[in-house]
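Structure assessment
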Amino acid sequence: MMAKIRGVNLGEWLVLEKWMNPDLFAGTTAEDEDELCRQLPREELVKRLTHHQDTYITRDDFFYIKERGLNTVRIPVPHFIFGDDPVYCDPYVPCVEYLDKAFDWAAEAGLKILIDLHTAPESQNGFDNGGICGVCKWAQSPERIERVLKVLEMLADRYGEKEALWGIQLLNEPVSEPVWIHASKNYKPHNPERAKGSSFVPLSTLYDFYEKGYERLRAHMPEDKMVVFHDGFRFDAWHDFFIEHDFKNVILDAHWYLGMTPGGALGDCDLTYMEKILRDHAYNLEQMEKVVPVVVGEWCLSHNLPEGMTDLEKQLSYRMIGDAQLSAWEHGTGYFFWSYKLISEPDGWDFRRCVEKGWMPSNVETGR
């Protein structure tokens, strides 16, 4: 039986999201990493990103994570991580040396790593975390799809034999039609001309990409390493897909944020409704686990609590919803909390502060 995954995302380290660390975007009108790289002079861009990547996550963080009972980190990386092809990698700044460091630190601390390819050329979702707000054209170009397959091969070739590697995720959050309709209203493009023609990732395209991606990874990576498939916000679409394929050591990844369910975040919605959502998630996990192991690759503690709550009331509210989610995720193979560190909010809900404020167990493995 596969060991339960107790993990946390190292978001904002190698893939930028402005809301997590707005200071990086100071002096620009950029809302995403693509535009930041286009607006800042090259010397300033490299200086700013180097300082960020040198300090945001360090060796000490890997030991902190291990000491809190976690066993795996999910590391989002950009498609331009290697800086190997000007067509796809300019004007961005490559960052593979930091992933190299992560493997050294993980080996020292006794952690495993899931490499998560978080962005694609011209974006697979149009989110800020996809690199380009309001643009979603990756799936429309065979050349861009092939580029992502090549990057996956390069990642597998470089890290496939590493003891600390748990697996590689083929692509983060390739967007469905309903989610794209919502995203296109909320993530406005800096360049509307560039965004023209953007659309969701069809399921047929995603099936084909995943089949090819699995084969390309397996050519460079041992069978005991995991290949992770995001559900593309279409959890029910994967039952027959995995039955029909003779894949070895694969994982389905679902991202479930309670604060994004109808009714909003804790304090704004009916807690009975949230409990129903979690029961549904637990049931869905149980059913899908009969076919393929499932991890909840992103989840968090709901936020936006009512004004005027005392620290104790906040602690009890956050702890209640945190415990409820952890119980639900136990019906699957594990989880990765989003995210380990958050700079943008003084009363934020990143993993470190959730532990230090008593909003989550100080040791996730024991629940104490």
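Going by the structure above, here's the rest.
In what follows, the accompanying structure is described. (Residues numbered from 1 in each chain as written. Predicted model: local features only at pLDDT ≥ 70, side-chain atom pairs only at ≥ 80, totals over all residues. Heavy atoms only, no water.)

With respect to the nonpolar core
Phe209 and Phe229 are the most contacted members of the largest nonpolar core, which has 93 residues in total. By size, the runner-up hydrophobic cluster in this structure holds 13 residues, among which are Leu16, Leu24, Cys89 and Tyr92. (Core = buried A, V, L, I, M, F, W, Y, C linked by side-chain atoms within 4.5 Å. Buried < 20%, exposed > 50% of the residue type's maximum accessible area, 1.4 Å probe, protein only.)

Quick word on unusual backbone geometry
Residue Pro91 follows Asp90 across a cis peptide bond; omega there is 10°. One can find Pro91 in the loop between helix 4 (86-89) and helix 5 (96-109). A cis amide bond, omega -5°, links Trp338 with the succeeding residue Ser339. A positive phi angle is found at Glu173, which is not glycine, with a value near 50°. With respect to the helices and strands, Glu173 occurs in the loop between strand 4 (165-169) and helix 7 (177-186). (Helix = DSSP H or I, 4+ residues; strand = E, 2+ residues; numbered from the N terminus.)

Considerations on the pairing of strand 7 (residues 294-299)
Counted residue by residue, strand 7 has six buried out of six residues, so it is predominantly covered. Pairing analysis gives four bridges linking strand 6 (residues 250-255) to strand 7, with the strands arranged parallel. Bridge pairing in strand 7 places Asp253 opposite Val295. In the sheet, strand 7 pairs with strand 8 (residues 334-337) via three bridges, with the strands oriented parallel. Note that in strand 8 the partner of Val296 across the bridge is Tyr335. (Pairing = 2+ DSSP bridges.)

A look at helix 12 (residues 311-329)
Here helix 12 contains 19 residues, and its C-alpha end-to-end distance of 27 Å stays within 8% of the 27 Å for a straight helix at 1.5 Å per residue. Listed in full, the buried residues belonging to helix 12 are Lys314, Ser317, Tyr318, Ile321, Gly322, Gln325, Leu326, Ala328 and Trp329. Buried residues along helix 12 cover an arc of 160° about the axis, so they all sit on one side. For helix 12, the exposed residues set more than 90 degrees away from the buried face come down to Leu312 and Leu316. (Expected span 1.5 Å × (residues − 1). Arc of directions from axis to C-beta.)

Some points on the pairing of strand 3 (residues 112-117)
Counting buried positions along strand 3 gives five out of six residues, so the element sits mostly inside the fold. Here strand 2 (residues 72-77) pairs with strand 3 via six bridges, running parallel. The residue bridging Ile75 from the neighbouring strand is Ile115, located in strand 3. Where strand 3 and strand 4 come together, four bridges link them in parallel fashion. Counterpart to Leu114 in the pairing with strand 4 is Gly167. In this region the chain leaves strand 3, passes through helix 6 (residues 142-159) and returns to the parallel neighbour strand 4; the handedness of that crossover is right-handed. (Right-handed = clockwise from strand over helix to strand, strands pointing away.)

Section: the packing of aromatic side chains
One pass over the structure, following the stated rule, counts 32 aromatic pairs. Here Phe229 and Phe242 contribute two aromatic rings whose centre-to-centre distance is 5.2 Å and whose plane-to-plane angle is 80°, an arrangement assigned as edge-to-face. Of the two residues, Phe229 sits in strand 5 (residues 226-230) while Phe242 sits in helix 10 (residues 239-244), which places them 13 residues apart along the sequence. Residue Phe229 shares its accessibility class with Phe242, and that shared class is buried. Relative to Trp329, the ring of Trp299 has its centre 6.1 Å away and its plane inclined at 70°; by these criteria the two rings are edge-to-face. Linking Trp299 in strand 7 with Trp329 in helix 12, this pair joins segments that are 30 residues apart in sequence. Here Trp299 falls in the buried class, since its relative accessible area comes to 0%. (Phe/Tyr/Trp six-rings, centres within 6.5 Å; stacked < 30°, edge-to-face > 60°.)

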